Amino acid sequence: MPAMTVNDRPVQFDMNPETPLLHALRDAANLTGAKYGCGVGDCGACMVLVDGEALRSCLVTIAEAEGRYITTIEGLSRDRSHPVQQALVGEQAIQCGFCTPGIAIAAAALIRRNPNPSEQDIRDAVPNLCRCGVYPRLVAAIQRAGRVTRRRETISAAPAPGIDPADAARAVPALRGVEEGGD
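Residues numbered from 1 in each chain as written. Predicted model: local features only at pLDDT ≥ 70, side-chain atom pairs only at ≥ 80, totals over all residues. Heavy atoms only, no water.

1. Re the nonpolar core
Counting residues in each nonpolar core, the largest one holds 30 residues, and the members touching the most others are Val84, Leu88, Ile103, Ile122, Val126, Leu138 and Ile142. At the level of elements, β3 (47–50), α3 (73–76), α4 (83–90), α5 (100–113), α6 (119–125) and α7 (135–149) are the ones that each hand at least two residues to this core. Here the element with the most residues in this core is α5; it accounts for nine residues. With sequence-adjacent residues up to four places away left out, valine 84 is seen in contact with Ala104, Ala107, Ala108, Ile111 and Ala145. (Core = buried A, V, L, I, M, F, W, Y, C linked by side-chain atoms within 4.5 Å. Buried < 20%, exposed > 50% of the residue type's maximum accessible area, 1.4 Å probe, protein only. Helix = DSSP H or I, 4+ residues; strand = E, 2+ residues; numbered from the N terminus. Contact = heavy atoms within 4.5 Å.)

Written as structure tokens, this is what we have:
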């Protein structure tokens, strides 16, 4: 059973060692932030940090990840306070959101090694595909995250997560469960 550390927790996957890390994370660990996009490493929707390096988890088997430290978008920051997450919201660099976790992971790896990236640095380090075309805002967001990391700027953009499902159901009546009179 391949063992690794995922978001600061030791885990073992009782799965075929050739299983892609993406499927182990999504299906066995219920960490669904990394998305299945293309399955061949072209889109970057499945990016996770493996020992601090942004890798496409659809191309890494759990056998290859054994003994390594994995960080998913869920582990990047529990309260959306990571500078990249804040800057993506602050620069409105999110559209549909499907590619956002992979972009945030790739950008976080870049900012960690280079907190003052040029536009070309960003294009080289964040090869993710976005069908919504947020690229100009994405560059601005990553540069802004770098400024935050260097303590040149602060951002108060993204609210903390955690709306209670019952509160959501009250705010959006269509979410009521059967026990509350829904169908």
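2. Considerations on the pattern of salt bridges
Following the criterion strictly, the structure yields five salt bridges and no others. Here arginine 144 ties to glutamate 91 by a salt bridge, and the two come within 3.1 Å at their closest N and O atoms. With arginine 144 in helix α7 and glutamate 91 in the loop between α4 and α5, this residue pair connects regions lying 53 residues apart in the sequence. Exposure remark for glutamate 91: the relative accessible area of 23% places this residue in the partly exposed category. Arginine 144 serves as the salt-bridge partner of glutamate 153, at 2.5 Å between the closest nitrogen and oxygen. Relative accessible area serves as the criterion here: at 22%, glutamate 153 is assigned to the partly exposed category. The class of arginine 144 is buried, set by a relative accessible area of 15%. When salt bridges with common partners are traced through the structure, they connect Glu91, Arg144, Arg147 and Glu153 into a single cluster. (Salt bridge = Lys/Arg side-chain N within 4 Å of Asp/Glu carboxyl O.)

3. So, the packing of α5 against α7
Two elements in contact, α5 and α7, have axes separated by 10 Å at closest approach and are oriented at 45 degrees. As the angle between them shows, α5 and α7 are arranged oblique. At the point where α5 passes α7, the crossing takes the right-handed sense. Contacts between α5 and α7 involve Ile103, Ala107, Leu110 and Ile111 on the former and, on the latter, Leu138, Ile142, Ala145, Gly146 and Thr149. Across the contact of α5 with α7, the residue classes tally to seven nonpolar, two polar and no charged. (Axes fitted to C-alpha atoms, helices over the stretch in contact; angles between N-to-C directions. Parallel < 35°, antiparallel > 145°, perpendicular 65-115°, else oblique. Left-handed = near helix turned anticlockwise from the far one by under 90°. Nonpolar A, V, L, I, M, F, W, Y, C, P; charged D, E, K, R; others polar.)

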